[in-house]
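# Coordinates in review
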Amino acid sequence: MSATIIDHHRLKLMYDRYVRYLLFACAFLMTFIILSIVIFVGQQGLVTFTEVSPGDFFFNAKWDPSEGQFGAMSFIAGSLLATLLAVGFGAPLGLTGAVFMAKIAPPWLREIMRPATDLYVAIPSVVYGFIGLTIMVPFIRNYLHGNTGFGLLATSIILAVMILPTIISISEDAIRAVPGSLEEASLALGATRWQTVRRVLLPAAMPGILTAIVLAMARAVGETMAVQMVIGNTPQLAKSLFMPTSTLTSEIVIEMGNTPFGSAWGNSLFLMALVLLLISLLMIVAIRRLGRGSVV
Amino acid sequence: MMSARICDKIATAIAWLAAIVILGVLASFLLYMLYKGLPVLSWHFITGMPSDIRAGGGVGPELFNSFYILVLSMLFSFPVALGAGIYLAEYAGTGRVTELIRLSTESLATVPSIVLGLFGMIVFINYLGLGISILSGALTLTLLNIPVLVRVTEESFRAVPSYYREASLALGATKWQTIWRVVLPNALPGLITGITLTAGRAMGETAILIFTAGTTVSRQAGDFDLFAAGETLAVHLWYVMGIGLVPDRMEIANGIGALLIITILIFNLAFTIPGRMLQKRMTGTRQ
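## As for the overall build of chain A
Check the secondary structure of chain A and you find twelve helices and two strands. Its helices and strands taken in sequence order, chain A reads α-α-β-β-α-α-α-α-α-α-α-α-α-α from the N to the C terminus. Along the longest, intermediate and shortest principal axes, the C-alpha atoms of chain A span 80 × 65 × 35 Å. Per-residue burial over chain A gives 52% buried out of 296 residues. A fraction of 70% describes how many contacts in chain A between residues 6 or more apart in sequence connect residues 24 or more apart. Looking at charge distribution, chain A has the averaged site of its 18 positive side-chain charges lying 11 Å from that of its 15 negative ones.

## Points about the packing of helix H5 (residues 113-127) of chain B against helix H6 (residues 134-158) of chain B
All names here are of chain B. Running from N to C, H5 and H6 point in directions that differ by 135°, and their axes come no closer than 9 Å. The pairing of H5 with H6 is recorded here as oblique in orientation. Here H5 runs over H6; the crossing is right-handed. Contacts between H5 and H6 involve Ser113, Leu116, Gly117, Phe119, Gly120, Phe124 and Ile125 from the first element and Ser136, Leu139, Thr140, Leu143 and Leu144 from the second. For the contact of H5 with H6, the per-class residue count stands at seven nonpolar, five polar and no charged.

## Topic: unusual backbone geometry
Positive phi is not limited to glycine here, since asparagine 233 of chain A has a value of about 50°. Mapped onto the secondary structure, asparagine 233 of chain A falls in the loop between helix H10 (225-231) and helix H11 (248-255).

## Some words on a nonpolar patch on the surface
All names here are of chain A. On the surface, Leu11, Met14, Tyr18 and Tyr21 cluster together into a nonpolar patch covering about 460 Å² of accessible area. Locating methionine 14 in the fold gives a position in helix H1 (residues 2-46). In this structure methionine 14 comes out as partly exposed when scored by relative accessible area, which is 37%.

## Considerations on the packing of aromatic side chains
Evaluation of the coordinates by the stated rule reveals 17 aromatic pairs over all chains. Note on phenylalanine 49 of chain A and phenylalanine 57 of chain A: the rings are 6.4 Å apart at their centroids and 90° apart in plane angle, and the pair reads as edge-to-face. Given the relative accessible area of 0%, phenylalanine 57 of chain A is considered buried. Pairwise contacts between aromatic rings join Phe24 and Phe28 of chain A together with Tyr87 and Tyr91 of chain B into one cluster. Sitting over the face of the ring of tyrosine 91 of chain B, lysine 175 of chain B holds its NZ or CZ atom 4.8 Å from the ring centroid.

## Here we look at the packing of helix H3 (residues 60-91) of chain B against helix H8 (residues 175-203) of chain B
Residues and elements named next belong to chain B. Running from N to C, H3 and H8 point in directions that differ by 140°, and their axes come no closer than 10 Å. Compared by their axis directions, H3 and H8 come out oblique. H3 and H8 meet at a crossing whose hand is right-handed. Where H3 approaches H8, its residues Ser66, Phe67, Leu70, Met74, Phe78, Leu82, Ile86, Glu90 and Tyr91 are matched on the opposing element by Lys175, Trp176, Ile179, Val183, Leu191, Ile195, Thr198, Ala199, Ala202 and Met203. Its residues placed into classes, the contact of H3 with H8 shows 15 nonpolar, two polar and two charged.

## Overview of the domain arrangement of chain A
All names here are of chain A. According to the domain assignment, chain A contains domain 1 (2-50) and domain 2 (54-290). Taking only C-alpha atoms, the centre of domain 1 and the centre of domain 2 are 34 Å apart. Between domain 1 and domain 2, the contact holds eleven residues from the first and 14 residues from the second. Taken over both partners, the interface formed by domain 1 and domain 2 buries close to 970 Å², and the fraction arising from carbon and sulfur atoms is 82%. Of all residues in domain 1, Gln44, Thr48 and Phe49 give up the largest surface area on contact with domain 2, accounting jointly for 53% of the area buried on that side. Where domain 1 meets domain 2, there are zero salt bridges. Connecting domain 1 to domain 2 are three residue pairs in polar contact (both at pLDDT 80 or more). When its residues are assigned to classes, the side of domain 1 that touches domain 2 shows seven nonpolar, four polar and no charged.

## Focus on the interface of chain B and chain A
Residue-level contacts link 88 residues of chain B with 85 residues of chain A. For the pairing of chain B and chain A, the buried interface totals around 7,600 Å² over both sides, and the portion due to carbon and sulfur atoms is 80%. Remark: the boundary between chain B and chain A carries two salt bridges. The partner of arginine 288 of chain A in a salt bridge is glutamate 99 of chain B, with the nearest N and O atoms 2.7 Å apart. Our enumeration of links across chain B and chain A arrives at twelve residue pairs in polar contact (both at pLDDT 80 or more). By residue class, the composition of the side of chain B that touches chain A is 60 nonpolar, 17 polar and eleven charged.

## Quick look at the confidence of the model for chain A
In the predicted model, chain A carries a mean pLDDT of 87, and the fraction of residues at 70 or more is 97%. Across chain A, the element-wise mean pLDDT spans from 83 in strand S1 (residues 63-64) of chain A up to 93 in helix H6 (residues 152-176) of chain A.

## Quick look at the nonpolar core
Ile37, Tyr128 and Met272 of chain A together with Val115, Phe157 and Leu237 of chain B are the most contacted members of the largest nonpolar core, which totals 170 residues. Residue contributions to this core peak at 15 residues, all from H3 of chain B. Each of domain 1 (2-50) and domain 2 (54-290) of chain A contributes no fewer than three residues to this core. In this view, tyrosine 128 of chain A contacts Tyr120, Ile123, Ile158, Val161, Met162 and Ala226 of chain A together with Phe29 of chain B; residues no more than four positions away in its chain are not counted. Ala98, Ala102, Ile175 and Leu202 of chain A belong to the second-largest nonpolar core, a separate cluster that totals eleven residues.

Criteria and thresholds
Residues numbered from 1 in each chain as written. Chains lettered and ligands numbered in written order. Predicted model: local features only at pLDDT ≥ 70, side-chain atom pairs only at ≥ 80, totals over all residues. Heavy atoms only, no water. Helix = DSSP H or I, 4+ residues; strand = E, 2+ residues; numbered from the N terminus. Buried < 20%, exposed > 50% of the residue type's maximum accessible area, 1.4 Å probe, protein only. Contact = heavy atoms within 4.5 Å. Lys, Arg positive; Asp, Glu negative; His and termini not counted. Charge placed at Lys NZ, Arg CZ, Asp CG, Glu CD. Axes fitted to C-alpha atoms, helices over the stretch in contact; angles between N-to-C directions. Parallel < 35°, antiparallel > 145°, perpendicular 65-115°, else oblique. Left-handed = near helix turned anticlockwise from the far one by under 90°. Nonpolar A, V, L, I, M, F, W, Y, C, P; charged D, E, K, R; others polar. Patch = residues over 30% accessible without salt bridge, like charges linked within 9 Å, V, L, I, M, F, W, Y side chains within 5 Å. Areas by Shrake-Rupley, 256 points an atom, 1.4 Å probe, with all protein chains shown as cover. Salt bridge = Lys/Arg side-chain N within 4 Å of Asp/Glu carboxyl O. Phe/Tyr/Trp six-rings, centres within 6.5 Å; stacked < 30°, edge-to-face > 60°. Lys NZ or Arg CZ within 6 Å of the ring centre and 35° of its normal. Domains from an automatic or database assignment. Buried area = accessible area lost by both parts, 1.4 Å probe. Polar contact = N/O pair within 3.5 Å; in protein donor to acceptor, adjacent residues only side chain to side chain. pLDDT = per-residue confidence, 0-100. Core = buried A, V, L, I, M, F, W, Y, C linked by side-chain atoms within 4.5 Å.

Next comes the structure, spelled out in structure tokens:
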């Protein structure tokens, strides 16, 4: 009797060990996937350099595949400008919202704003793009006399809305995580709530806030559908906010369908994807440096 | 002293204003889409076959494909993500390998979806020969869901107090018995909320599916064939606005927009509220 119990227990322990290996395999699959992505996209993209010189690709704005011109500078510039402008519009609003949710909002309002930020994330990017296309673009065209209405202004406003939830939720967590004793000490010294927020809470929460901003940038630079619908899709360097231009993502999504796989044209689109991939990986490294781990 | 107080008042007012703008933009986006799209929604539109040239087509196959691809990708991603999340929450130490896994998960979560789409195109279509199909789309979408689900799982498991585990282990249960019978049931409410939010997000995903599931649909309604092309609602919205030739594309786009908004409202409000209530009851704490 006791022997079977011991056997049974041994079996359970053995089972325990194999489950552990299985779970580890699941976890290690993450590393396997990200490495495969870097390798496959990288390999396909780097083939481009057999036909196009790196200098031409990065520092030439002339994109005309039928003429063998593969200069992606205007797309890279478009992506970076749209991202920076989006953060410029979105970060102040999002950060103020985060301070409001963490310190000012009455509990009932906070209970509304939490699901609201989740809803912001859930709205599909094509819907953001469609709203941009049907409201923002005509508005810019008719009231700001902005040419066709397509361009960096429309793009960065839509992106600013799309990155709000990232900035709000991560900054709010960071502000909340500041020890209460710091805040109490400041208030006890006679500082007003605004002074406490500005001089104590925001500086203490700065690593978290910067993480939020970097993640928001990662989201903005990778956003495809909404951008493609309002940027105008013209391969030229934008000289103003109202000029139709293009980004890395919008160019890939428009042209990929028409390009033969393995051609110089197709490969240069993969190279653009590789540039995007490297930018987002760089941002992860930046966040790690900022000292906070959690993403998504 | 007076000016500091005025500054405080002004700052508070600005913060309220920011909150009103944030809620107002969201509300106006949702209401605009519903206002424009609800009149378009009819039984014929929701279940009918799409038309390429003439007006009056429906989005039946697209609606079906959206859910079909979503369910498939959740089926593929959930078991793996559950395993990985449990490993990170319950087993992982602080060694180099754990660091590498965490870094990989975070990196995967920030890879732009268009890049995942191109990767899926190389691997599932060119190397594995699955074609532009529902299966390729679902597999690629899996890559997008996995890192989010891993994080959801890890957080839900970490939220379970450690004395639950200690009590179980002290009674002689093995580690896996403890995880499966004690920790998992208590992590379930958080897990369900997280899965629903992830599914709601995946539902509207577009960039990843254009080159893997395609922009055409099977001619048979409700086709379960894994190798049929599987255009989804969100992809169709993009397609009719950008490339489509139908004269009533604005109506179709408005209708799809409303359908997508209704779906995410159901996912975000109706499905997550029971999970949140369950969580409050079971843990006695607020989220």
